[in-house]
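# A look at the structure
Each chain, letter by letter, is given below.
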There are 2 protein chains.
Amino acid sequence: MNISFIGVGVMGRGMVRNLMKAGYKVHIYSRTREKAQPVIDEGALWHDSVASCAAASPVIITIVGYPKDVEEVYFAPGGILDSAPANAILVDMTTSSPVLAEKIFDAAAKKGLRALDAPVSGGDSGAANGTLAIMVGGQEETFRECLPVLEAMGKSIRFMGKAGCGQHTKMANQIVISGTVSGVSEAIAYAERAGLDTQNMLDAISSGAASSWQLSNNGQKMIKGDFAPGFYIKHFIKDMALAKEEADARGLSLPILEKTLDTYRALMGNGLGDEGTQALIKAYR
Amino acid sequence: MNISFIGVGVMGRGMVRNLMKAGYKVHIYSRTREKAQPVIDEGALWHDSVASCAAASPVIITIVGYPKDVEEVYFAPGGILDSAPANAILVDMTTSSPVLAEKIFDAAAKKGLRALDAPVSGGDSGAANGTLAIMVGGQEETFRECLPVLEAMGKSIRFMGKAGCGQHTKMANQIVISGTVSGVSEAIAYAERAGLDTQNMLDAISSGAASSWQLSNNGQKMIKGDFAPGFYIKHFIKDMALAKEEADARGLSLPILEKTLDTYRALMGNGLGDEGTQALIKAYR
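Note that the structure is a prediction, hence the values are computed from the model and not measured.

The subject of this paragraph is the relation of the copies chain A and chain B. With an axial shift of 0.0 Å and an RMSD of 0.1 Å, the rotation relating chain A to chain B amounts to 180°. Put plainly, the chains are arranged around a two-fold axis. When the interface residues of chain A are mapped onto chain B, 100% of them again fall at the interface, so both copies present the same face.

So, in structure tokens, the structure goes:
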């Protein structure tokens, strides 16, 4: 079966590979062809436009940078909504605005298309290993039809409710992470000042009530000084800003999220937007 | 072998049981005898004073509430330093001040006694199941001699460095938790406002980059409205205040810890000090 995949960045590469591994014929388009070259070399079929790529398959997956990119790739002339074959399933896996997800769902329905919002968690390693968590909003019937495709890319795949609910779940995910990665950073900064062996400290607390993916993964990177992006600071800022916007719209104040967002924005102001989220420790050193 | 155990609260009960299970003859003292009654019924030997309890064994374990309680039980007339047998090992497992741990270590050495600071993580369930993480400061030789006793109560047991380093590690542990439990609370509050099925949301994000002990354990309790104390808010406030004090003394600002501490203090001001730390969600509802 053909699948179209738009947006072949650090996440998309692994996801395309896993789709090919599962036997799908994957058509791809990305803004920067060089980023896609490795998977083209492995058999993915390159298209020169969104329109051509979208027209090639009954399932069209997108994972691009920002909500404005999602907006463009779906709504611009020659975008997905103009180009997808009748009855196609459109799966946006970008972390994006829940309101935009509803807008795509409605616009798709008007054109006889079906849309899912299906953002992911698990970072580049989850994308590479096919172990992403995928949170899906839309119609349950569409979700079921699309499940085998999602299963090629992820491990924990859940239907969350109507259009936008996948994005809301991802917002919740990012809110958890903002507090968790802040706690990890503050603890490592403390341990360094107190003169502890930080590796020994991490090993000691990684099996108890402080344990987390962030501690075991980003904590290790922090103490090793490895700031290569598994997940970019600039993208995390986007996600947290979206979450804050949604919370604000509901009269909900999230001070830990807001403080974490402020700290990351300061780091980005210092030119660290392309480092991994674990570079938060630099704000404390 | 005899072991003396002072402070038989929600943590101590499980720890005493596991020591007895391992074949130790456990002598106990606690401020409130009723709290100790269940383990007395199971064979622990009750003493009417710290002095009598401390005199009974070559290893004396304490896990009491606050640093002032630690200070009293060690330094008051008839306290442990006055009563312990020659060459005894004094193990304070209370989460307490690193400076106080050093003070006990020095005072013990002057009396021919040996001290370890060995705070734990893992909550009441870790204490009950013998799966506590135990972080130990003091002399490595003393640590090794005491290891079989600690192994009866915990699973991940580590020597962290000189006197006070066990406590510093515990401070780092609590700093991680403060950010993590805040992130979990804010995410659940968000999910509730966004109209998500919160159980489904938790299940969706519990296997990815947001995963943590706090999410899986306290997150579940939050959505079920179970606020029974695994770990008391009043004790967590004590721990966070100690950590803030130590960070301040090193010129280190920890805004996430501080905000979390403020929020917990507001809850305590509203009479929730005896609820579990998962009641943090109430500040957001």
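Let's shift gears to the pairing of strand β4 (residues 59-62) of chain A. Residue and element names in this part refer to chain A. Of the two faces of β4, the one carrying V59 and I61 and the one carrying I60 and T62 are both buried. Relative to β4, strand β1 (residues 2-6) runs parallel, the two being bridged by three bridges. Bridging from a neighbouring strand, F5 pairs with I61 of β4. Inspection of the sheet shows β4 paired to strand β5 (residues 89-92) by four bridges, in the parallel sense. From the neighbouring strand, T62 faces β5, where its bridge partner is D92.

On to the nonpolar core. Counting 94 residues, the largest nonpolar core has A:M201, A:Y264, B:M201 and B:Y264 as its most contacted members. Beyond its immediate stretch of four places on either side in the chain, B:Y264 contacts B:V181, B:I233, B:F236, B:I237, B:M240, B:T277 and B:L280. Counting residues in each nonpolar core, the second largest holds 57 residues, with B:W46, B:L100, B:A107 and B:I157 among its members.

Attention now moves to the side chain of B:T260. Checked against the element boundaries, B:T260 lands in helix α13 (residues 255-269). The class of B:T260 is buried, set by a relative accessible area of 1%. Once you skip the residues sitting within four places of it in the chain, B:T260 turns out to touch A:I256, B:S178, B:S182 and B:M240.

Here the focus is helix α6 (residues 98-110) of chain A. Residues and elements named next belong to chain A. Between its terminal C-alpha atoms α6 stretches 19 Å, which fits the 18 Å expected from 13 residues at 1.5 Å a residue. Inspection of α6 places P98, L100, A101, I104 and A108 among the buried residues, and these make up the whole buried set. Summarising the axial view, the buried residues of α6 lie within an arc of 155°, below the 170-degree limit, and thus occupy one face. Exposed residues lying more than 90 degrees from the buried face of α6 are V99 and K110. Its side-chain oxygen 3.1 Å from the backbone nitrogen of V99, S97 forms the N-cap of α6. A positive phi of about 75° marks G112, the residue just after α6.

Residue and element names in this part refer to chain B. As for its placement among the helices and strands, W46 is situated in strand β3 (residues 45-46). Here W46 is in contact with I28, Y29, S30, R33, A36 and I40, once residues within four sequence places are set aside. At 2.9 Å, the side chain of W46 and the side chain of D48 are in polar contact.

What counts, and at which threshold
- Residues numbered from 1 in each chain as written.
- Chains lettered and ligands numbered in written order.
- Predicted model: local features only at pLDDT ≥ 70, side-chain atom pairs only at ≥ 80, totals over all residues.
- Heavy atoms only, no water.
- Least-squares fit on C-alpha atoms with pLDDT ≥ 70 in both.
- Contact = heavy atoms within 4.5 Å.
- Buried < 20%, exposed > 50% of the residue type's maximum accessible area, 1.4 Å probe, protein only.
- Helix = DSSP H or I, 4+ residues; strand = E, 2+ residues; numbered from the N terminus.
- Pairing = 2+ DSSP bridges.
- Core = buried A, V, L, I, M, F, W, Y, C linked by side-chain atoms within 4.5 Å.
- Expected span 1.5 Å × (residues − 1).
- Arc of directions from axis to C-beta.
- Polar contact = N/O pair within 3.5 Å; in protein donor to acceptor, adjacent residues only side chain to side chain.

Remember that the coordinates give geometry; whether it matters functionally is a separate question.
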